[in-house]
Amino acid sequence: MAVPEQKADRELDPSRSQRVQDLRVARTAFIATGAVVSVGIGLAVLWRLRVVVLLIVVSLFLGALLHPAVSFVERRGIRRGLATVVVFFFSAAVAATVGYVLVHPVYTSATSFAKELPSLVRQAQHGKGQIGHLVKRLHLESYVKKNVPRLETLISGLGRPALAVGKTVVSGVVALVTVGVLTFFILFEAPRMIRGVLNWMRPERSLRVRRVLGDVGQAVAGYMLGNLATSMIAGIVIFVTLRATGVPYAGVLAIWVGIVDFLPLVGGLLAGVPTVAVALLHSLPAGIVTLVVFLVYQQLENHVLNPVVMSRTVRLNPLWVLLAILIGVELGGIVGSTLGGLVGALLAVPAASAIQVIARDLWAEHRSVRSAGEHPADELSAAPTAPGGAATPAQ
């Protein structure tokens, strides 16, 4: 009877109960403070490493995009390492070719314009050349003569920001190399790492996670490949239109349209405005034809091509797509300014597809668990009964 008496003494001692309560409150406050501090430190570290996180996210996206191609080559009897090398360097060569075709004419034109700019200013001052005739037509002779010294000073100072431009180019090259290296190692090592993590899980959970990862990969890769197909069709249509109307730099503008059309919702607008403007500068009929082709193709892509090409991928509600893009652009802009916003817009829809696949799996599991909990009596009633009325266990 000593134990009940000690328990009663503790209950009757108010100071001891108060000390126990104070210890509980202090422990809870300590745990909550530690959790808040840990979350704050984690967020601060992520913010400090936001550029690195952005590069990792882009690399994961490219790895998910190239993984089906690597698996396709691997199924042909080639080892994973060699298949990764083949697909990676082929994709890098294609990207470098597209970049060169897109950037080289712009660089050549800008260099030529920079060299000819002083002579163009002098021609405008004396009313010669195309710019001089335009100045006369607009009656800007007095303005040009009055501001020639200022224009010459401005031209001479154009070379000053070359160092800043050079730093930007170098940082961009370093970022591209980093993304390339990370993508290569993700393609090569990710399957092995995923298998190692799955082996730590229970067999039923491992099968479920493997199925969800397969569905997510199929949704992301299917969406991106379908979007790539529609972008290529857009580039080909615009190239044929510009060549038929005689607009210069048709190949460059077609590549621009194909790349920018990759962005959901806003890609058509961003691709069409500069292309139509260049066509209008060439001639009014070329601009009108290009505008009509753009409008017709956008309707065809939205109502025919997208439903056909995306029919085997995860279909998202248009409102969900819009919200995902807005959130992706905002988060990307916070992390990496303009480039981060573009990356966020590009990755928003695949990320939304992955979230939808995971949410669908969780909801299916919840419903199965709930249905199993609501009908336990059905299983008992289905069991055979003994002569005495007791249920016998199923064999």
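For clarity, every value in this text was computed on a predicted model and none was experimentally measured. (Residues numbered from 1 in each chain as written. Predicted model: local features only at pLDDT ≥ 70, side-chain atom pairs only at ≥ 80, totals over all residues. Heavy atoms only, no water.)

Undergrad: Lay out the pattern of salt bridges with the relevant residues and their values.
TA: Inspection of the entire model under this criterion finds 5 salt bridges. Residue Arg80 pairs with Glu74 through a salt bridge whose shortest N-O separation is 3.2 Å. Here Arg80 falls in the buried class, since its relative accessible area comes to 15%. The partly exposed category is assigned to Glu74, whose relative accessible area is 33%. In this structure, the salt-bridge partner of Glu189 is Arg192, at a minimum N-O distance of 3.5 Å. With Glu189 and Arg192 both in helix α7 (residues 162-199) and 3 residues apart, the pair spans about one turn of that helix. By relative accessible area, which is 49% here, Arg192 ends up partly exposed. Beyond isolated ion pairs, a larger network of salt bridges with shared partners links Arg208, Arg211 and Asp361. (Salt bridge = Lys/Arg side-chain N within 4 Å of Asp/Glu carboxyl O. Buried < 20%, exposed > 50% of the residue type's maximum accessible area, 1.4 Å probe, protein only. Helix = DSSP H or I, 4+ residues; strand = E, 2+ residues; numbered from the N terminus.)

Undergrad: For helix α3 (residues 50-74), give the residues involved together with the corresponding values.
TA: Here α3 contains 25 residues, and its C-alpha end-to-end distance of 34 Å stays within 8% of the 36 Å for a straight helix at 1.5 Å per residue. Maximal helix bending in α3 amounts to about 40 degrees, located at Leu66; proline Pro68 follows within four positions. Along α3, the residues classified as buried are Leu54, Leu55, Val58, Ser59, Phe61, Gly63, Leu66, Val70, Ser71 and Val73. (Expected span 1.5 Å × (residues − 1). Bend = angle between axes of the 7 residues up to and from the residue.)

Undergrad: Can you explain the packing of α3 against helix α8 (residues 203-245)? Please cite residues and give values.
TA: It is at 9 Å that the axes of α3 and α8 come closest, and there the two elements cross at 85 degrees. When the axes of α3 and α8 are compared, the pair comes out roughly perpendicular. Between α3, through Phe61, Ala64, Leu65 and Pro68, and α8, the contact on the second element is made entirely by Val220, Ala221, Met224 and Leu225. Class assignment for the residues of the contact of α3 with α8 results in 8 nonpolar, no polar and no charged. (Axes fitted to C-alpha atoms, helices over the stretch in contact; angles between N-to-C directions. Parallel < 35°, antiparallel > 145°, perpendicular 65-115°, else oblique. Contact = heavy atoms within 4.5 Å. Nonpolar A, V, L, I, M, F, W, Y, C, P; charged D, E, K, R; others polar.)

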